[in-house]
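Okay, here's what each chain looks like letter by letter:
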Amino acid sequence: GDGLLSEPLAHPDFFNVKELFSMKDLFNARVHLGHKKGCRHRFMEPYIFGCRLDQDIIDLDQTMDHLQLALNFTAHIAYRKGIILFISRNRQFCHLVESTARECGEYAHTRYWQGGLLTNAHIQFGSGVRLPDLIIFLSSLNNVFEPHVAIRDAAKMNIPTVGVVDTNCNPCLITYPIPGNDDSPSAMELYCKLFKMTIIRAKDYRKQREVFHKLQ
Amino acid sequence: TLRLIYTTTAAWKKNVAASGPEKYTEAFIKKQIEEFNLGKRHLANMMGEDPETFTQEDIDRAIAYLFPSGLFDKRARPMMKHPTEIFPEQRKIQWGEDGRPFHFLFYTGKQSYYSLMHDTYEKLLNVQKHQDQLAAQDLPPQKEKKNLVGSRWLTKTELEEMLLEKLSDDDYSRFIQLLQKLVMMPCGNIEENYIKKFSREISAQLQKVVIEPLKYDEQGVAFSTGEGARKTSRATVTVYDNGTGKITVNGIDVLHYFPVLQDREQLLFPFQFLDRVGKHDMVCTVSGGGRSSQAGAIRLASAKALRSFVTEKEVESMRQAGLLTVDPRVKERKKPGQEGARRKFTWKKR
């Protein structure tokens, strides 16, 4: 009981998520490519390494740190059997995100966001609903290039968020932003793979620990 | 103690999800079913009938006898029905004991619809992959397309029944567009089994009108019958072959029955069209309507009868001439606030 939940919190990188990715992987998956200078959001300037021929390049050192924090956080949430909701309103990767969520055993929402899903859940779903404990944004904008409503709603409902923020996104309300590209297929596949591996690893570890504690 | 027997108003509340799960737990419904069956046997005993063979109709009659009610609304009267009919079919709770929903798309709101879209899109991707493989091997893509003529897609209500969820028109049209896209692709035949689930055969429209063969009476003369209607007239006609163009209506000769030339021209029209003016005899019975509508009814009936004497091409030409179509015009009803069907009362400025 107590040791099961408190032990992982003692270490900074209990699940060793650092080994899942390297700078080279991020570079090959084109995570460092941002949008053009005109699309740049003011609050993304700290995360931008520079600008080449009008195209913003994201600082991969910072991305590595943020990614490690985010993956560690998702691993802890998955270890404690939390509900994880993947959100991406990018039509190109809707199927990929849904399949990733299904394979992890978690949940996805890549469709039109109805207004009261989080804030009005007890009326829309029923009275005993359990809301997600973590929301992962694989693309934090919606189809009209505005910040996704779920960022604000999650902040209202005290749900922590992890989000991949591109150079045109607003990283303000996201608890664990990951500055990186959200438009290339290779980058999205990399993120999906990383999240899937962390969640599965955390869940397997939890099962092992439960069996171990039962035997004791 | 107050015992909740059954809830009438709660049965018609639309938002079942918000009404609270306690009233409709499975244990509660089971108890209601047991009580219903017990009550059914008691009722059968009371009415002096056999408890084993006591049907729902017998129950309804017994309740109407024991509790006569003069209320106008049938739904307000006392009723005793099986609990599954009274308590609406509620969607079972979508999450387990620990609170985690069963379906991975639960948080979208329309889980069955979106999972359907997800699966269909997956089939589309499979087909594309297959196409790419064939293209890589330099084989030409298969061009056998499924014939869409005799089939239709599911209607919106049928899809709603299948998914047990409400759909909007937009959602439905999107799904149909996705299915069309899947079928239109060259290698779409791979997913035929999947597509068959969403298409229905329409055979009724392809049935042709059956033209009856000629009948022969005692002298060996060929004849055929036809029926026609126009406004309120109904006519039945027998057209005999090897005739002289004699026409009898209700036992009276045509010249006496239809003194007006216009009506007799109407009767003549089908024969004139087929160049068989003096070749057939006709015996008709007609009732209802006025002189012009009776003439129109006999015309339609004789044209239908003549179909048996004539080739298919001539039948088609008759149909195009309008000889075989029933005239749909009937007297329009008078509306309140107007003097007639269309005529308004005289408008006075002041």
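Residues numbered from 1 in each chain as written. Chains lettered and ligands numbered in written order. Predicted model: local features only at pLDDT ≥ 70, side-chain atom pairs only at ≥ 80, totals over all residues. Heavy atoms only, no water.

**Some words on the interface of chain A and chain B**
Part 1 of the argument: Contacts between the two partners involve 28 residues from chain A, matched on the other side by 24 residues from chain B.
Part 2 of the argument: The contact between chain A and chain B buries some 2,300 Å² in all, and 56% of this surface belongs to carbon and sulfur atoms.
Part 3 of the argument: Here chain A is connected to chain B by two salt bridges.
Part 4 of the argument: The salt bridge partner of R100 of chain B is E106 of chain A, with a shortest N-O separation of 2.6 Å.
Part 5 of the argument: Here chain A and chain B share eight residue pairs in polar contact (both at pLDDT 80 or more) between them.
Part 6 of the argument: Among the secondary structure elements, those contributing two or more residues to the side of chain A that touches chain B are helix 4 (94-104) and strand 5 (107-109) of chain A. (Contact = heavy atoms within 4.5 Å. Buried area = accessible area lost by both parts, 1.4 Å probe. Salt bridge = Lys/Arg side-chain N within 4 Å of Asp/Glu carboxyl O. Polar contact = N/O pair within 3.5 Å; in protein donor to acceptor, adjacent residues only side chain to side chain. Helix = DSSP H or I, 4+ residues; strand = E, 2+ residues; numbered from the N terminus.)

**Side note on the pattern of salt bridges**
Pairing is possible between side chains of opposite charge, provided their charged atoms come close.
Part 1 of the argument: Summed over all chains, the structure comprises 27 salt bridges over all chains.
Part 2 of the argument: Between R102 of chain A and E122 of chain B there is a salt bridge, with its nearest N and O atoms 3.6 Å apart. Of the two residues, R102 of chain A sits in helix 4 while E122 of chain B sits in helix 4 (residues 111-136), which places them in two different chains.
Part 3 of the argument: Accessibility expressed as a relative area gives 35% for R102 of chain A, which makes it partly exposed.
Part 4 of the argument: Through salt bridges with shared partners, a single network forms among K81, R206 and E210 of chain A. (Buried < 20%, exposed > 50% of the residue type's maximum accessible area, 1.4 Å probe, protein only.)

**Observations concerning the layout of surface pockets**
Part 1 of the argument: Computed from the structure, the second largest pocket encloses a volume of approximately 680 Å³.
Part 2 of the argument: What lines the second largest pocket is a set of 24 residues, among which R89, R91 and R111 of chain A together with M117 and R174 of chain B lie closest to the centre.
Part 3 of the argument: Sorting the residues of the lining of the second largest pocket by element identifies helix 4 of chain A together with helix 4 and helix 6 (169-184) of chain B as the ones contributing at least two each.
Part 4 of the argument: Here the residues of the lining of the second largest pocket are counted per class, giving eight nonpolar, seven polar and nine charged. (1 Å grid on protein atoms, 1.4 Å probe; cavity = no way out; pocket = protein on both sides within 12 Å on 5 of 7 lines; lining within 4 Å. Points joined across faces, edges and corners; volume = space filled by probe spheres on them. Nonpolar A, V, L, I, M, F, W, Y, C, P; charged D, E, K, R; others polar.)

**Description of helix 6 (residues 149-156) of chain A**
All names here are of chain A.
Part 1 of the argument: Looking at helix 6, one finds that the buried residues are A150, I151, D153 and A154.
Part 2 of the argument: Residues of helix 6 that are buried make contact with strand 4 (84-88), strand 6 (134-139) and strand 7 (161-165).
Part 3 of the argument: Looking at the residues trailing helix 6, positive phi occurs at N158, about 60 degrees.

**Here's the deal with the pairing of strand 6 of chain A**
All names here are of chain A.
Part 1 of the argument: Of all six residues in strand 6, six are buried, a share of seventy percent or more.
Part 2 of the argument: Taken together, the five bridges between strand 4 and strand 6 define a ladder with parallel strand orientation. In the strand pairing of strand 6, I87 is matched with F137.
Part 3 of the argument: Chirality of the crossover, the property in question, places the unit of strand 6, helix 6 and strand 7 among those that are right-handed. (Pairing = 2+ DSSP bridges. Right-handed = clockwise from strand over helix to strand, strands pointing away.)

**Examining the environment of N28 of chain A**
Part 1 of the argument: Within the element layout of this structure, N28 of chain A appears in helix 2 (residues 23-28).
Part 2 of the argument: A sequence separation of 142 residues divides N28 of chain A from N170 of chain A, and the C-alpha atoms of the two residues are 25 Å apart.

**A look at the sheet that holds strand 8 (residues 281-287) of chain B**
Residues and elements named next belong to chain B.
Part 1 of the argument: Ordered in space as 3-4-5-8-6-7, the six strands form an open sheet in which the pairing is mixed. With partners counted over all chains shown, the strands left at the sheet margins are strand 3 (215-216) and strand 7 (252-253), one partner each.
Part 2 of the argument: The pairing of strand 5 (residues 233-240) with strand 8 spans seven bridges and is classified as antiparallel. Across the sheet, the residue bridging to V239 is M282, located in strand 8.
Part 3 of the argument: Contacting strand 4 (222-230), strand 5, strand 6 (247-249) and strand 8, helix 10 (residues 291-306) crosses the sheet at an angle of about 140 degrees to strand 4. (Axes fitted to C-alpha atoms, helices over the stretch in contact; angles between N-to-C directions.)

**Observations concerning the sheet that holds strand 8 (residues 176-179) of chain A**
Backbone-to-backbone hydrogen bonds pair the strands of a sheet. The strands run either parallel or antiparallel.
All names here are of chain A.
Part 1 of the argument: The parallel open sheet is built from five strands, whose spatial order is 5-4-6-7-8. A strand with exactly one partner marks an edge of an open sheet, and here the two such strands are strand 5 and strand 8. Neighbour-to-neighbour, the strand axes of the sheet open up by a mean angle of 20 degrees, direction not taken into account.
Part 2 of the argument: Of the pairings in the sheet, the one linking strand 7 to strand 8 comprises four bridges and is parallel in character.

**Focus: the pairing of strand 8 of chain B**
Part 1 of the argument: Bridge count between strand 6 of chain B and strand 8 of chain B: three bridges; the pairing is parallel. Paired with I247 of chain B across the strands is M282 of chain B, a residue of strand 8 of chain B.

**Describing the packing of helix 4 of chain A against helix 4 of chain B**
Part 1 of the argument: For the pair helix 4 of chain A and helix 4 of chain B, interaxial distance at closest approach is 11 Å and the crossing angle is 115 degrees. When the interaxial angle is binned, helix 4 of chain A and helix 4 of chain B end up roughly perpendicular. The handedness of the crossing between helix 4 of chain A and helix 4 of chain B is left-handed. Between helix 4 of chain A, through H95, E98, S99 and R102 of chain A, and helix 4 of chain B, the contact on the second element is made entirely by H118, D119, Y121, E122 and L125 of chain B.
Part 2 of the argument: Split into classes, the residues belonging to the contact of helix 4 of chain A with helix 4 of chain B amount to two nonpolar, three polar and four charged. (Parallel < 35°, antiparallel > 145°, perpendicular 65-115°, else oblique. Left-handed = near helix turned anticlockwise from the far one by under 90°.)

**Notes on the packing of aromatic side chains**
Part 1 of the argument: Applying the stated criterion across every chain yields a total of 19 aromatic pairs over all chains.
Part 2 of the argument: Taking the centre distance of 5.2 Å and the plane angle of 80 degrees together, the rings of F175 of chain B and F198 of chain B count as edge-to-face. Taken together, the residues F175 of chain B in helix 6 and F198 of chain B in the loop between helix 7 (192-196) and strand 2 (199-201) connect sequence positions 23 residues apart.
Part 3 of the argument: Taking relative accessible area as the criterion, F198 of chain B reaches 3% and is therefore assigned buried.
Part 4 of the argument: Plain terms: the ring middles of F269 of chain B and F273 of chain B are 6.3 Å apart, the flat faces sit at 90 degrees to each other, and that makes the pair edge-to-face. Of the two residues, F269 of chain B and F273 of chain B are both situated in helix 9 (residues 261-273); the distance of four residues between them amounts to about one turn of the helix.
Part 5 of the argument: Given the relative accessible area of 27%, F269 of chain B is considered partly exposed.
Part 6 of the argument: An aromatic cluster is defined as three or more aromatic residues linked by ring pairs; in this entry it consists of Y107 and F125 of chain A together with W95, F106 and Y107 of chain B. (Phe/Tyr/Trp six-rings, centres within 6.5 Å; stacked < 30°, edge-to-face > 60°.)

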